[in-house]
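Coordinate analysis (summary)
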Amino acid sequence: MELKGREIRVSVRNLVEFVLRSGDIDSRRTAGRQREAMEAGSRLHRKLQKRMGPDYRAEVALKHSVEEEGFSILIEGRADGILRRGDETVIDEIKGIYMDVSLLKEPIRVHMAQAMCYGYFYAQAEGLPALTVQVTYANLETEEIRRFQEEKSFEELEEWFSCLIHEYVKWARYLYHNALRRDESIGKLSFPFPYRKGQRDLAAAVYLSETRARRLFIQAPTGIGKTLSVVFPTLKAIGEGHGDKLFYLTAKTVTRVVAEEALELLRKNGLYFRSVAITAKEKLCILGKPECNPDACPRARGHFDRVNDAVFAIIHEEFGITRERILSFAERFHVCPFEFCLDISGFVDGIICDYNYVFDPDVRLKRYFGEGAGGAYFFLVDEAHNLVQRAREMYSAALEKEEVLAVKRIVKERSPALAARLKRVNQILLELKRECGSWRLLPDAGHLVLALAGLFSELERFLDTFREFPEREDVLNFYFTVQGFLNIYERLDGHYRIYTELLENGAFRIRLFCVNPIRNLGLCLEQGKSTVFFSATLLPLPYYRKLLSNEAEDYTMYVHSPFPQENRLILAACDVTSRYTRRGEREYRKILRYIRGAAEARKGNYMVFFPSYQYMEQVYELAKGEPGRMAILKQESRMDEEAREAFLAEFDRERDESLAAFCVMGGLFSEGIDLTGERLIGVIVVGTGLPMVCTEQTVLKEYFDEAEQAGFPFAYQYPGMNKVLQAAGRVIRTAVDRGVILLLDDRFLQGDYRALFPREWSDVKRVTLKTVKEELMRFWDGKNR
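Description of the structure in this document.

Basis of the calculations
- Here the residue index of a chain counts from 1 through its sequence in written order.
- Given that this is a predicted model, residues contribute local features only at a pLDDT of at least 70 and side-chain atom pairs are listed and counted only at 80 or more, while totals for whole chains, interfaces and linings are drawn from all residues.
- As a rule here, side-chain values come from all non-hydrogen atoms in the structure, and water together with hydrogens is ignored.
- Only buried residues count toward a nonpolar core, which is a set of Ala, Val, Leu, Ile, Met, Phe, Trp, Tyr and Cys residues joined through side-chain atoms within 4.5 Å.
- Only protein chains enter the calculation, and the probe is 1.4 Å; a residue is then buried if its accessible area is under 20% of its type maximum, exposed if over 50%, and partly exposed in between.
- The secondary structure listing takes helices from DSSP runs of H or I that are at least 4 residues long and strands from runs of E that are at least 2 residues long, numbered from the N terminus.
- The contact rule is simple, with two residues in contact once any of their heavy atoms fall within 4.5 Å.
- For salt bridges, the criterion is a side-chain nitrogen of Lys or Arg within 4 Å of an Asp or Glu carboxyl oxygen.
- What qualifies as a polar contact is a pair of N or O atoms within 3.5 Å, subject to a donor-acceptor requirement within protein and to the restriction that residues adjacent in sequence count only when both atoms come from side chains.
- Think of it this way: DSSP has to see at least two bridges between two strands before they count as a pair.
- Axes, fitted as lines to C-alpha atoms, cover a helix only where it is in contact. Angles between the N-to-C directions of the axes lie from 0 to 180 degrees.
- An angle below 35 degrees is read as roughly parallel, one above 145 as roughly antiparallel, one from 65 to 115 as roughly perpendicular, and any other as oblique.
- A crossing counts as left-handed when the near helix is turned anticlockwise from the far one by less than a right angle, and as right-handed when that turn is clockwise.
- Any residue outside Ala, Val, Leu, Ile, Met, Phe, Trp, Tyr, Cys, Pro, Asp, Glu, Lys and Arg is labelled polar, Gly included; the first ten of those are nonpolar and the last four are charged.

1. Thoughts on the nonpolar core
Across soluble globular proteins, nonpolar side chains have a tendency to be buried as a group. With 197 residues, the main nonpolar core has Ile 75, Phe 340, Phe 359, Ile 510, Met 607 and Leu 743 as its most contacted residues. At 12 residues, helix α4 (residues 154–188) tops the list of elements feeding residues into this core. Beyond its immediate stretch of four places on either side in the chain, Leu 743 contacts Ile 570, Leu 571, Ala 572, Ala 573, Val 685, Val 724, Phe 748, Phe 757 and Trp 761. Ranked by size, the runner-up nonpolar core spans 37 residues in total, among them Ala 573, Tyr 620, Ile 684 and Val 686.

Structure follows, in structure tokens:
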């Protein structure tokens, strides 16, 4: 619905499909088959129109304006055909379908409704007392035709259309009055707390960027209140008419919750603003594993008969529409929670969602970001340092040779034609494997893509023919893999590299690797009005600008920490390292001595971040064999939510000795947790966080050596330092917290690493095993002030 004040513009199809939609959710037909139906339907349309003779006018543009409850509504579209022969007038709506037309007992409701809209418009324009509305169904394969006709008087059409518009206007009325109340409340809204140092300037920068339609990069430390500081000015900009909708984009569930809490706090201070949190389909599905068809899911059957009532109810009863509220209303109205959630998004002011729903080409919300779409949207990208790697994954694709062979074994008896296509693709991959070595850059993959295009078409036919067989899900997953590979291939430009590699498990793959996602992200950002990237670890800022957005008019902002510097001690050890060449028991024991030194200097809870699980295990085994009063907690791989909560609960326990929680840098506990006060008094970071040397990192390094002459920093040093800063940020979360940060690697004292420190780390002190305990005790005794 395009609503500007009290003026609405809508197409005939969108009008009837929204008000009169009905039926089931059924995703069993492949996207390719649907696209094929649209293309074949257009061809058949033209063919049928030419057969109708000289009295038949094709593709007649019609529009109609109506005043309803103070709204001016323009409805427009194209009638497929209008037949005028003597006193006879027929409005024709043509639909191409794959089903046997003889099985149709009556026209589909929305199809007849489209014909009736055009009939009403034409009858009024031509002064006709009556006419015939007709829906023509044509089978796309046999071209068999079946027509349904209804005689309608002008009065019947007028009354019917009036009811249709009346139902539609209730939604417009809601949007109009909601916007008025929203803007009025925003005008009166005040910031809910006294501004901390730097917070007002941050909010002002966000407002200025959004009103000027610019992009802004913010490096702001933990504890300044980043979420409120970006949400509040964005609301002000919306209230003043600079934008229509807020998208708060997150990488993790915990930051989504923070955004929900910020909006709820502002609502308690008078804000009238509805928001919805979009949750992944898998987490909302009542089946556990989505099967979106009426045979498998009771909510899919008749979903569209009920969903409008569900949406109308929830937007009138709720403001902060969370996952729990969506599930509750979905159960009440017996609808699919995920599709319900997406429909809600069109009638709220703010959307809180994962990055995927704006940027991922396979997942992004087509209703907002389809081809040619866009709006006055404000994108707030939380923890924006995560977007680089996530974007690389979104815009990359890979195909494994073993997947091809596995699907060939499944389909060979059912479809020799598909098996032959798979055999050809496997032969090409086998040739590439023979030339590969451990890995190899390729100039192009056109010959493989050509074979995959043929394979993809055959896969579509196979899946539409064989609807039920035990391994169908495996074949369907492979279909999506091939589809993704072909789609990403169309995006290839200078920011991509194509390579083949042998994996550790013996598998062979070819990968289309998006090294720099800046162009792909830029196309998405252009569909909104302004974007704010913010994080506590967006350092160095030029690095992130070159990967996320590098428009000359982009703004950057560095916000200093508002916390007293004397509440925090930063030490860097000069006599220990995590370099691969030096790893061994001698270094591990040094690390353990530093950990014990910190734990003995003051009893409390400490987090120790290691560069890998393997490194952590080595130190852990040594710690178990040494006497000493220190409790040790260790992060396990693949911890579920319950295990994660149990791990964090240990920081609330009273104990007689210090706790050292062993964690992996860049892992589950490196960001998104908030242990304030005595719950955490120190963080120990082992190593510089450099990524493991692998094919991907080598390709990154070579690309940036060519493009920026900065291969090592871009591929290793900057991403590694980001993990260090994230880990260090777990301590000192409020203005009254006191804590220590201990950096265990001599490289932290080198100029190139110190240049990457936040400005607040200028007071880092050099220590050794002999001096560290003394420095720690001086700090805890208050002698460093």
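2. A few points about the pattern of salt bridges
Within the structure shown, the criterion is met by 51 salt bridges. Here Asp 493 ties to Arg 519 by a salt bridge, and the two come within 3.7 Å at their closest N and O atoms. Of the two residues, Asp 493 is situated in the loop between α18 (472–489) and β16 (496–502) and Arg 519 in helix α19 (residues 518–525); the sequence distance between them amounts to 26 residues. Looking at Asp 493, the relative accessible area reads 27%, which means it is partly exposed. The salt bridge involving Arg 733 is made with Asp 674; its shortest N-O contact spans 2.6 Å. In this pair, Arg 733 sits in the loop between α25 (711–728) and β25 (739–744) while Asp 674 sits in the loop between β23 (658–664) and β24 (682–686), placing the two residues 59 residues apart along the sequence. With relative accessibility at 15%, the residue Arg 733 sits in the buried group.

3. Some remarks on the environment of Asp 354
Inspection of the secondary structure puts Asp 354 in strand β12 (residues 350–354). Spatially, the C-alpha atoms of Asp 354 and Leu 422 are 35 Å apart, while their sequence positions differ by 68 residues. Not counting residues within four places of it along the chain, the set of residues in contact with Asp 354 comprises Leu 249, Thr 250, Ala 251 and Arg 390. A polar side-chain atom of Asp 354 sits 2.8 Å from the main-chain amide nitrogen of Asn 356. Engagement of the side chain of Asp 354 in a polar contact is seen with the side chain of Arg 390, the distance being 2.4 Å.

4. What about the sheet that holds strand β26 (residues 765–767)?
Across the sheet, which stays open at both edges, the seven strands sit in the order β22-β23-β21-β24-β25-β20-β26 with parallel pairing between neighbours. The outermost strands of the open sheet, each flanked by one partner alone, are β22 (630–634) and β26. Across this sheet, the average inter-strand angle for adjacent strands is 20°, counted without regard to direction. Where helix α21 (residues 585–601) meets the sheet, it contacts β20 (568–573), β21 (605–610), β22, β23, β24, β25 and β26, and its direction lies at approximately 160° from that of β21.

5. Some remarks on the packing of helix α1 (residues 12–19) against helix α3 (residues 109–126)
Axis angle and axis distance: for two packed helices, these are the angle between their axes and the distance between the axes, and together they describe the pair. For the pair α1 and α3, the least separation of the axes is 9 Å and the interaxial angle reads 130°. Comparing their axes, α3 and α1 come out oblique. As α1 packs across α3, the resulting crossing turns out to be right-handed. Residues Val 12, Arg 13, Val 16 and Glu 17 of α1 pack against Val 110, Ala 113, Gln 114, Cys 117, Tyr 118 and Phe 121 of α3. For the contact of α1 with α3, the residue count by class is seven nonpolar, one polar and two charged.

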